[in-house]
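Structural overview for review
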Amino acid sequence: MKSHPLFEKLRIFAPGPTPVPESVLAQMSLPPLHHRTEEFGRILDRTRKNLSWLFQTDQRAYVLACSGTGAMEATIVNLCAAGDEVVVINGGKFGERWTKLAQRYGLKVHELKFDWGEAADPAQVVAALKQNPNVRAVLMQASETSTGAYHPVEQIAKAVHETSDALVCVDAITALGVSPLPMDKWGLDVVISGSQKAFMLPPGLAFMSLSERANQARKRTSIPNFYFSLAEEDKVFDKAQTAWTPAVSLIVGLDMVLARMREAGLEAIFNHHARLAEGTRHGVTAMGLSLLAKKSPSASVTSVLLPAGMTNGDKIISHLRDRYGMTVADGQDHYKGKMFRIAHLGYYDELDMLTVLSAVELTLDKLGIPVKLGQGVGAAARYFRESENQV
Ligand SMILES: *Cc1c(COP(=O)(O)O)cnc(C)c1O
């Protein structure tokens, strides 16, 4: 059985693109502004300042017209030269992307692999830096979206700075606006993010900010670049312009979302995500399912392993989609068909999490996997109720 199209709803619980609030969609549907107008300049200027607030930095925040990977590429091409040595923390698909990108540009990569679901170990990063004293940058994720693990960014940044001059470059694409990541305070040299995750916007924008040290490094080396040239961006930054045509409609939406984030405050935003994540974990474990990232789970996405012996996880995912119009993410690579991932970053609330947990229970039951309806939902609801006054 399937809902009649009359009643069907699109329910996205994948870690990007995430749902967009109706009011933001409405605002973005207005005719695009011209990007060289004063009106747009004011919007761009305000969004950049609000981004710096969210990054918790005194530095510039750049808004690029690309998906998150574009900001990863911008990091490499603005800060490195061919032949440079870098350390990559690879704990999943996105760590692997740093490696591929760096290698494509002729960098020498020292890769530190961590098991999927495990957080990176700062001691191993230190050891790699001691062994390779010429390393110029450490490339890492904060939240490794493919596994649901959260790396200890603060400890790693501290350890790197104590050991070497390497720049700490953090892909915070599913961490910024979710968990505390004070860029200046922690000494993060590059932080990047993207619109379709915690920013509750469609894909198409990436954000990045660089420390003073990273800006110095830009002068020393750069791989030939054009579209992602931060030097080009800097030429017009103070005129409240971008080097190329900005994604004006998305920036209008960004302006709205950032204004609301500022109104809510960082602490409320971080607490909200922490609660949704914890409630979701309560729910899935109460159903008898287990988590891939147990020790250091991300507040943006929960990776759920399928019941032992069940190999066809695709069935859960396709049933959620076909029966309930609900999208959860599959596992990737060797976890394909062995787990699914539930996002809770951006425009979600407690009731959304109860909905996805309920759909998972109904699906397990339908597929003949033993579960008591209400078991997971009840556990999550109780957690939400009990934690409500603590924050
Ligand atoms: C989504 C994501 C990216 C960027 O992917 P795009 O498809 O280019 O937006 C990079 N890193 C992480 C950790 C992500 O979650």
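Quantities reported herein were computed from a predicted structural model and do not represent experimental measurements.

The next point concerns the overall build of the protein chain. Looking only at helices and strands, the protein chain features 14 helices and 14 strands. Here the C-alpha coordinates of the protein chain stretch approximately 60 × 55 × 40 Å along the principal axes. In the protein chain, which comprises 391 residues, the share counted as buried stands at 59%. Taking the contacts inside the protein chain whose residues are at least 6 apart along the sequence as the reference set, 72% of them involve residues at least 24 apart. Within the structure as shown, the protein chain displays about 16700 Å² of accessible surface, and the carbon and sulfur contribution to it stands at 52%. If you average the places of the 42 positive and of the 41 negative side-chain charges in the protein chain, the two averages end up 3 Å apart.

Here we come to the side chain of Asn-215. With respect to the helices, strands and loops of the structure, Asn-215 is situated in helix 8 (residues 212-220). Beyond its immediate chain neighbours, meaning those up to four positions away, Asn-215 contacts Gln-59 and Leu-210.

Soluble globular proteins tend to bury their nonpolar side chains together. In this structure, Leu-51, Leu-181, Leu-188 and Phe-199 are the most contacted members of the largest nonpolar core, which totals 56 residues. By residue number, the principal contributor to this core is helix 10 (residues 248-264), which donates eight residues. When residues of this core are assigned to domains, at least three map to each of domain 1 (11-19 + 266-387) and domain 2 (32-263). With residues up to four places along the chain from it excluded, the contact list for Leu-188 reads Val-153, Ala-157, Val-168, Val-170, Leu-181, Met-183 and Ser-211. Grouped together as the second largest cluster of nonpolar side chains are 36 residues, Phe-13, Val-178, Leu-289 and Met-353 included.

In the region of the ligand, 13 residues are neighbours, and Ser-67, Thr-69, Thr-145, Asp-171 and Lys-197 sit closest. Within the side chain of Thr-145, an N or O atom sits 2.5 Å from an oxygen atom of the ligand. Take Asp-171: an N or O atom from its side chain is 2.6 Å from a nitrogen atom of the ligand. When contributions to the shell around the ligand are tallied by element, the ones reaching two or more residues are helix 3 (68-79) and helix 4 (93-104).

Throughout the structure, instances matching the rule amount to 20 salt bridges. Of the charged contacts, one joins Arg-42 and Glu-38 as a salt bridge, the two residues approaching to 3.8 Å between their closest N and O atoms. Placement of the pair is Arg-42 and Glu-38 together in helix 2 (residues 38-55), with a separation of four residues, close to one helical turn. The residue Asp-84 makes a salt bridge to Arg-136 at a minimum N-O spacing of 3.8 Å. Separated by 52 residues along the polypeptide, Asp-84 in the loop between helix 3 and strand 3 (85-90) and Arg-136 in strand 5 (residues 135-141) bring together distant segments of the chain.

Time to look at the sheet that holds strand 2 (residues 61-65). Pairing in this open sheet of seven strands is mixed, and the strands run 2-10-9-8-5-3-4 from one edge to the other. In the strand order of this sheet, the two ends are held by strand 2 and strand 4 (108-113), each with one partner. Put simply, the sheet's adjacent strands are angled 20 degrees from each other on average, direction ignored. Here helix 9 (residues 230-237) sits on the sheet in contact with strand 2 and strand 10 (205-210), set at roughly 115 degrees to strand 2.

A word on the environment of Tyr-348. By secondary structure assignment, the location of Tyr-348 is in the loop between strand 14 (339-343) and helix 13 (350-366). The spatial distance from the C-alpha of Tyr-348 to the C-alpha of Pro-15 is 12 Å, given a sequence separation of 333 residues. In contact with Tyr-348, not counting residues within four places along its chain, are Ile-12, Phe-13, Ala-14, Thr-18, Pro-19, His-272, Leu-276, Ala-343 and Met-353.

Structurally, the protein chain comprises domain 1 (11-19 + 266-387) and domain 2 (32-263). The gap between the C-alpha centroids of domain 1 and domain 2 is 28 Å. Contacts between the two partners involve 28 residues from domain 1, matched on the other side by 27 residues from domain 2. Considering only the surface of domain 1 that becomes buried against domain 2, Leu-266, Phe-270 and Gln-332 emerge as the three largest contributors, covering 23% of it. Taken together, the connections running from domain 1 to domain 2 amount to ten residue pairs in polar contact (both at pLDDT 80 or more). Counting residues per element, the ones that place at least two in the side of domain 1 that touches domain 2 are helix 11 (266-286), strand 12 (301-305) and strand 14. Looking at the side of domain 1 that touches domain 2, the element that brings in the most residues is helix 11, giving four residues. By residue class, the composition of the side of domain 1 that touches domain 2 is 15 nonpolar, ten polar and three charged.

What follows covers the packing of helix 11 against helix 13. Two numbers describe how helix 11 lies on helix 13: the axes approach to 10 Å, and their chain directions differ by 25 degrees. Here helix 11 lies roughly parallel to helix 13, going by the angle between them. The two elements helix 11 and helix 13 cross, and the hand of that crossing is right-handed. Residues Arg-275, Leu-276, Gly-279, Thr-280, Gly-283 and Val-284 of helix 11 form the contact with helix 13, whose own contacting residues are Glu-350, Met-353 and Leu-357. Classifying every residue of the contact of helix 11 with helix 13 by side-chain character gives four nonpolar, three polar and two charged.

Cut-offs used in this document
Residues numbered from 1 in each chain as written. Predicted model: local features only at pLDDT ≥ 70, side-chain atom pairs only at ≥ 80, totals over all residues. Heavy atoms only, no water. Helix = DSSP H or I, 4+ residues; strand = E, 2+ residues; numbered from the N terminus. Buried < 20%, exposed > 50% of the residue type's maximum accessible area, 1.4 Å probe, protein only. Contact = heavy atoms within 4.5 Å. Areas by Shrake-Rupley, 256 points an atom, 1.4 Å probe, with all protein chains shown as cover. Lys, Arg positive; Asp, Glu negative; His and termini not counted. Charge placed at Lys NZ, Arg CZ, Asp CG, Glu CD. Core = buried A, V, L, I, M, F, W, Y, C linked by side-chain atoms within 4.5 Å. Domains from an automatic or database assignment. Near = heavy atom within 4 Å. Polar contact = N/O pair within 3.5 Å; in protein donor to acceptor, adjacent residues only side chain to side chain. Salt bridge = Lys/Arg side-chain N within 4 Å of Asp/Glu carboxyl O. Pairing = 2+ DSSP bridges. Axes fitted to C-alpha atoms, helices over the stretch in contact; angles between N-to-C directions. Buried area = accessible area lost by both parts, 1.4 Å probe. Nonpolar A, V, L, I, M, F, W, Y, C, P; charged D, E, K, R; others polar. Parallel < 35°, antiparallel > 145°, perpendicular 65-115°, else oblique. Left-handed = near helix turned anticlockwise from the far one by under 90°.

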